[in-house]
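Residue-level listing of the chains:
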Amino acid sequence: MYTGTAVFDVLLPGDSRSLKAKRSYVRPIVAALRKFEISVAEVGALDLHGRAEIGVAVVAAEPAHVGEVLDSCERLVAGRPEIELLSVRRRLHGDED
């Protein structure tokens, strides 16, 4: 069994000056990521209005499948025109970890 995680650090548009406006950008991204049947949540920068960290986790029998799913998630987030993807931190955990 292999688990993979990714944390996407995103810059939100300038009009996200309130937590309500921030949610209006983060919530559709989280909903879109759920189609990959993964766990996903906003995991960092919770009190910052212009930034968000979105974390995803996937479990699979093969490490290649974990990588494919995380690649798909990254493409989805990077393809969102309303945000800027600043960085991605990925980790793969196997049975020996």
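Refer to the structure printed above.
Residues numbered from 1 in each chain as written. Predicted model: local features only at pLDDT ≥ 70, side-chain atom pairs only at ≥ 80, totals over all residues. Heavy atoms only, no water.

Below, the discussion takes up the overall build of the protein. On a plain count of helices and strands, the protein comes out with two helices and four strands. Put simply, the protein runs from its N terminus to its C terminus through helices and strands in the order β-α-β-β-α-β. For the protein, whose C-alpha radius of gyration is 14 Å, the value lies close to the compact-globule estimate of 13 Å for 97 residues. The principal-axis extent of the C-alpha atoms belonging to the protein is close to 45 × 20 × 20 Å. (Helix = DSSP H or I, 4+ residues; strand = E, 2+ residues; numbered from the N terminus. Rg over C-alpha atoms; globule rule 2.2 N^0.38 Å.)

The α-helix advances 3.6 residues per turn, and as a result positions three or four apart in sequence lie on the same side. Between its terminal C-alpha atoms helix α2 (residues 63–78) stretches 22 Å, which fits the 22 Å expected from 16 residues at 1.5 Å a residue. For α2, every residue scored as buried is listed here: Val66, Gly67, Val69, Leu70, Ser72, Cys73, Leu76 and Val77. Contact partners of the buried residues in α2: β1 (2–11), α1 (19–33), β3 (51–60) and β4 (84–93). (Expected span 1.5 Å × (residues − 1). Buried < 20%, exposed > 50% of the residue type's maximum accessible area, 1.4 Å probe, protein only. Contact = heavy atoms within 4.5 Å.)

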